[in-house]
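Here's the letter readout for the chains.
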There are 2 protein chains.
Amino acid sequence: MSGRMLSEIGEAAIISGIRGMNGCDAGRNGVLAGIGDDCAVVQPEAAEDLVLKVDPVIMGRHFSAGDSPYDVGRKAMGRVLSDIASMGARPRWHLVGLAAPPHADGGYIDGIYEGVASLAGKYGSVLVGGDTSCSDVISINVFGCGALPHGAARLRSGAEPGDTIYVTGELGGSFASGRHLRFEPRVREGIWLRDRANAMTDVSDGLAADLWHIAEESGVNAFIAASLIPYSPAALGSPDPAAAAFFDGEDFELLFTVPASDADFNSDWKSAFPDLRCTPIGVIGEKSGNPFVKYSPADDSGAHPRALPKRGFDHFRTDKEEP
Amino acid sequence: MSGRMLSEIGEAAIISGIRGMNGCDAGRNGVLAGIGDDCAVVQPEAAEDLVLKVDPVIMGRHFSAGDSPYDVGRKAMGRVLSDIASMGARPRWHLVGLAAPPHADGGYIDGIYEGVASLAGKYGSVLVGGDTSCSDVISINVFGCGALPHGAARLRSGAEPGDTIYVTGELGGSFASGRHLRFEPRVREGIWLRDRANAMTDVSDGLAADLWHIAEESGVNAFIAASLIPYSPAALGSPDPAAAAFFDGEDFELLFTVPASDADFNSDWKSAFPDLRCTPIGVIGEKSGNPFVKYSPADDSGAHPRALPKRGFDHFRTDKEEP
């Protein structure tokens, strides 16, 4: 559709193009009826729970006008896959709600859908529906649905005293480095961790905010050491690597806790995922009705741990500070 | 949150408010984990299929700045419930993606969520997640998930030669009359029709476009009579009632076909739904690889039927014409 505006192409042709591009035929992945009816119809596996997530990507907020549409679509899908992964689920189905101005180029929109399809295909999610509508600003809402055995979802609320806190990959500077457009959602790792982790989340708001989520939902205190954090090259090149890891967000790595009794965890991880770092950064402390998160600064390891501010990315606040 | 801007309230407090308002506790409706984790976790019933739908409502396109936020939220939820109903499914879970400017009033946003909750509660759907993000224009993306017995979904593709074509309620002038903000999704009727209709859809793009959907997906010709159409008062007050019913859209009534052999259909409907009209407007003709839809004009009933244009609401085209 490149070189033609959406207003020339028309909604029916856009949907028809998507329907062809994504190979969303009925029959795959439990899809009984895909694009082309009022709703998609899907058949869950017996004795499986489903995980549901919707996440938006909006021009000017989550990407810039100059970013490649393929990368933008890939990010929109990747954010949702990262959330599905953080539950320990496998992706199954997704729907895409796209809003764009009538004068948007058809090729740009194609690029977004191709980016969505690239990651979806890699991780086995089938496009089953969606919607195109007119708006002054381009936005993509991906709804994702994953599946896992009944009762097996890893929640933020599962952390136990004595657990080791781990994080995959490297943290910080995701926006500055452009990694926020090209990250790999940790789908296979999340499924593997389903049987090993007590609590799990993905690092989307920043290590500080996401560790606070685990502490508050689990009702436990948490302690980490800044010297243990796996900083990204972008974070290491910034004035304050710890602040970058704590507060930048959009790393889309997995943050999880593992029982202290799981003595083989590190070696098993290395066997399963030899190419991805998995770093212990701290421990879960005692249960608490009023939990806190503390960290030992890298340059001051003999001092008492300091309170880690909860602040992370807030879509509405401008000051970004919390007491 | 009335009287305060979203930028003052902050995302965490907004989500906390939603979490409290909607009573989305785990345990209801198969919800294992609701708002507050990376994804919602839900448990489908054994031997049931799911229907999935996402639909946006955008200020300036689907509603005006002066519309009541309660009505806007109600419409956003109602559109999705109407699609779920048109499959014959019962609503189970929904997620809401809201985008708004930082200076938006918290009370306005509360009103939107209250409108969503009013219809969701009436028809048994539980809010299990969502997202708030920052955008120049207010938009609400509702993702809905419904359920029904395996294989029971009513598709657009099920119409058979000889079927009678029915429509619920009255058509036309939905925007002009404001009904598009206050319609009742036909959830109970859709579930009832699951065992009676061959094909079903809802009238969202307009009778013409939606009947074309059935004809094309089923591979059948369709004939209707303009004199049989149940016109709304707004359509009757317009210069061309048939054009209003054919092309206005957003009626959110059910359009479906019933086998000619179902002799008790009309009386059974009247017993089940004494307060809602259900009107036969035409018949399904022969199977065709190149289907058409024809209508007999009201003022010219002795003449040959005329081709019904396919045009309906297209979000990107400005001329709205199709050959």
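On a predicted model such as this, the values are computed, not experimentally measured, just so you know.

Draft legend 1. Highlighting the relation of the copies chain A and chain B. If you rotate chain A by 180 degrees and push it 0.0 Å along the axis, it lands on chain B with an RMSD of 0.0 Å. The operation mapping one copy onto its partner corresponds to a two-fold rotation axis. Closest approach to the rotation axis among the C-alpha atoms of chain A is made by alanine 46 of chain A, whose C-alpha sits 3.1 Å away.

Draft legend 2. Spatial organisation of the sheet that holds strand S2 (residues 40-42) of chain A. Spatial ordering of the open sheet is given by S1(A)-S2(A)-S3(B)-S6(B)-S4(B)-S5(B), a layout of six strands whose pairing is mixed. Where the open sheet ends on each side, the last strands, each with one partner, are strand S1 (31-33) of chain A together with strand S5 (126-134) of chain B. For this sheet, the mean inter-axis angle between neighbouring strands, taken without regard to orientation, is 20 degrees. Here eight bridges tie strand S4 (residues 90-100) of chain B to S5 of chain B, and the two strands are oriented parallel to one another. Directly across from leucine 95 of chain B, in S5 of chain B, lies its bridge partner glycine 129 of chain B. Along the sheet, helix H4 (residues 106-123) of chain B makes contact with S4, S5 and strand S6 (139-149) of chain B, crossing S4 of chain B at roughly 170 degrees.

Draft legend 3. Focus on helix H3 (residues 69-86) of chain B. All names here are of chain B. Taking 1.5 Å of rise per residue, 18 residues should cover 26 Å, and H3 covers 26 Å from first to last C-alpha, within 8% of that figure. Burial analysis of H3 places 16 of its 18 residues in the buried class, which makes it a mostly covered element. Glycine 88 occupies a position one or two residues after H3 and carries a positive phi of about 85 degrees.

Draft legend 4. View of the environment of aspartate 163 of chain A. Residue and element names in this part refer to chain A. In this fold, aspartate 163 is placed in the loop between strand S6 (139-149) and strand S7 (164-168). A residue is classified by how much of its surface remains accessible, and aspartate 163, at 2% relative accessible area, is buried. Between the alpha carbons of aspartate 163 and threonine 257 there is a distance of 5.6 Å; along the sequence they are 94 residues apart. Aspartate 163 has contacts with Gly158, Asn198, Thr257, Val258, Pro259, Ala260, Gly282, Val283 and Ile284, leaving out every residue within four places of it along the chain. Within the structure, the side chain of aspartate 163 is placed 2.7 Å from the side chain of threonine 257, a separation counted as a polar contact.

Draft legend 5. Region of the structure containing the pattern of salt bridges. With the rule as written, the count across this model stands at 34 salt bridges over all chains. Linking lysine 53 of chain B and aspartate 83 of chain B is a salt bridge whose minimum nitrogen-to-oxygen distance equals 3.7 Å. With lysine 53 of chain B in strand S3 (residues 48-58) and aspartate 83 of chain B in helix H3, the pair connects residues that are 30 residues apart, well separated along the chain. Close ionic contact of arginine 196 of chain B with aspartate 262 of chain B constitutes a salt bridge, the shortest N to O distance being 2.9 Å. Taken together, the positions of arginine 196 of chain B in the loop between helix H6 (187-193) and strand S8 (199-202) and aspartate 262 of chain B in the loop between strand S10 (254-258) and helix H10 (265-272) put the pair 66 residues apart, joining distant regions of the chain. The class of aspartate 262 of chain B is buried, set by a relative accessible area of 19%. Salt bridges sharing common partners tie together Asp55, Lys75, Arg79 and Glu250 of chain A.

Draft legend 6. Region of the structure containing the sheet that holds strand S4 (residues 90-100) of chain A. The sheet built from six strands is open, its strands ordered S5(A)-S4(A)-S6(A)-S3(A)-S2(B)-S1(B) with mixed pairing. Either end of the sheet is taken by a strand with one partner, and the two such strands are strand S5 (126-134) of chain A together with strand S1 (31-33) of chain B. On average, each strand axis in the sheet is inclined to that of its neighbour by 20 degrees, with strand direction left out of account. Running at roughly 145 degrees to strand S3 (residues 48-58) of chain A, helix H3 (residues 69-86) of chain A makes contact with S3, S4 and S6 of chain A of the sheet. Across the face of the sheet, helix H4 (residues 106-123) of chain A comes into contact with S4, S5 and S6 of chain A while running at roughly 170 degrees to S4 of chain A.

Draft legend 7. Quick peek at the packing of H3 of chain A against H4 of chain A. All names here are of chain A. Running from N to C, H3 and H4 cross one another at 40 degrees; their axes reach a closest spacing of 6 Å. Comparing their axes, H4 and H3 come out oblique. Note that H3 runs across H4; the crossing there is right-handed. The residues of H4 that touch H3, namely those facing Pro69, Tyr70, Val72, Gly73, Arg74, Met77, Gly78 and Leu81, are Tyr108, Gly111, Ile112, Glu114, Gly115, Val116, Ser118, Leu119, Ala120 and Tyr123. Residues that form the contact of H3 with H4 fall into these classes: 11 nonpolar, five polar and two charged.

Draft legend 8. Representation of the packing of aromatic side chains. Residues and elements named next belong to chain A. For the structure on display, the rule yields 27 aromatic pairs over all chains. With 5.9 Å between their ring centres and 55 degrees between their planes, tryptophan 192 and phenylalanine 265 make a pair best called tilted. A residue pair is termed long-range when its members are at least 10 positions apart, and tryptophan 192 in helix H6 (residues 187-193) and phenylalanine 265 in helix H10 (residues 265-272) qualify at 73 residues. The structure contains a cluster of three or more aromatic residues connected by ring pairs, namely Tyr166, Trp192, Phe256, Phe265, Trp269 and Phe273. Above the plane of the ring of tryptophan 212 lies lysine 310, whose end atom (NZ or CZ) is 5.0 Å from the centre. Note that arginine 311 overlies the ring of phenylalanine 247, its terminal NZ or CZ placed 4.1 Å from the centroid.

Draft legend 9. Representation of the interface of chain A and chain B within the structure. Each partner contributes residues to the interface: chain A has 66 residues there, and chain B has 66 residues. For the pair chain A and chain B, the summed buried surface comes to about 5400 Å²; carbon and sulfur atoms form 59% of the total. Taken together, chain A and chain B are joined by six salt bridges. Between aspartate 136 of chain B and arginine 61 of chain A there is a salt bridge, with its nearest N and O atoms 3.8 Å apart. Inspection of the chain A/chain B interface yields 18 residue pairs in polar contact (both at pLDDT 80 or more). Per-element tally for the side of chain A that touches chain B: the top contributor is S3 of chain A, with 10 residues.

Draft legend 10. Structural view of the confidence of the model for chain A. Counting all residues, the mean pLDDT for chain A is 91, and 90% of those residues have values of 70 or more. Scored as a complex, the prediction yields pTM 0.92 and ipTM 0.91.

Draft legend 11. Quick look at unusual backbone geometry. Positive phi values are uncommon outside glycine, yet phenylalanine 252 of chain A reaches one of about 55 degrees. Along the chain, phenylalanine 252 of chain A turns up in the loop between helix H9 (241-247) and strand S10 (254-258).

Draft legend 12. Quick peek at helix H7 (residues 207-218) of chain A. Residue and element names in this part refer to chain A. The first and last C-alpha atoms of H7 sit 16 Å apart over 12 residues, in line with the 16 Å expected at 1.5 Å per residue. Counting buried positions over the 12 residues of H7 gives nine, a clear majority of the element. Among the residues of H7, those classed as buried are Leu207, Ala208, Ala209, Asp210, Leu211, Trp212, Ile214, Ala215 and Ser218.

Criteria and cut-off values
- For every chain, the first residue of the written sequence is number 1, and numbering continues from 1 along that sequence.
- Chains carry letters and ligands carry numbers; both start at the beginning, A for chains and 1 for ligands, and go up in the order they are written.
- Residue-level local features of this predicted model are given only where pLDDT is at least 70; pairs of side-chain atoms are given and counted only at 80 or more, and the full residue set underlies all totals for whole chains, interfaces and linings.
- Neither water nor hydrogens contribute to the side-chain values; these are computed over all heavy atoms in the structure.
- Here the copies are superposed with least squares, the fitted atoms being C-alpha atoms of residues at a pLDDT of at least 70 in both.
- Strand pairing is defined by DSSP finding a minimum of two bridges between the two strands.
- Put simply, DSSP marks the helices as runs of H or I at least four residues long and the strands as runs of E at least two long, and each gets a number from the N terminus on.
- Axes, fitted as lines to C-alpha atoms, cover a helix only where it is in contact. Angles between the N-to-C directions of the axes lie from 0 to 180 degrees.
- It only takes one pair of heavy atoms within 4.5 Å for two residues to be counted as in contact.
- To estimate how far a helix should reach, multiply one less than its number of residues by 1.5 Å.
- Three labels apply to residues, based on accessible area from a 1.4 Å probe with only protein chains included: buried if under 20% of the type maximum, exposed if over 50%, partly exposed otherwise in between.
- Polar contacts here mean pairs of N or O atoms no more than 3.5 Å apart (in protein, one a potential hydrogen donor and the other a potential acceptor; neighbouring residues in sequence count only if both atoms are side-chain atoms).
- Think of a salt bridge as a Lys or Arg side-chain nitrogen and an Asp or Glu carboxyl oxygen that are within 4 Å of each other.
- Put simply, angles under 35 degrees are roughly parallel, angles over 145 are roughly antiparallel, angles from 65 to 115 are roughly perpendicular, and the rest are oblique.
- We call a crossing left-handed when the near helix sits turned anticlockwise from the far one by less than a right angle, and right-handed when that turn is clockwise.
- Under the convention adopted here, Pro, Cys and the residues Ala, Val, Leu, Ile, Met, Phe, Trp and Tyr are nonpolar, Asp, Glu, Lys and Arg are charged, and Gly plus all remaining residues are polar.
- Each aromatic pair joins two rings of Phe, Tyr and Trp (for Trp, the six-membered one) with centres within 6.5 Å, and gets the label stacked for planes under 30 degrees apart, edge-to-face for over 60, and tilted for any other angle.
- Any Lys NZ or Arg CZ that is within 6 Å of a ring centre and within 35 degrees of that ring's normal is treated as a charge sitting over the ring.
- Summed over both partners, buried area is the accessible surface (1.4 Å probe) that two parts give up on being assembled.
- pLDDT is defined as a per-residue confidence score from the predictor, taking values between 0 and 100.

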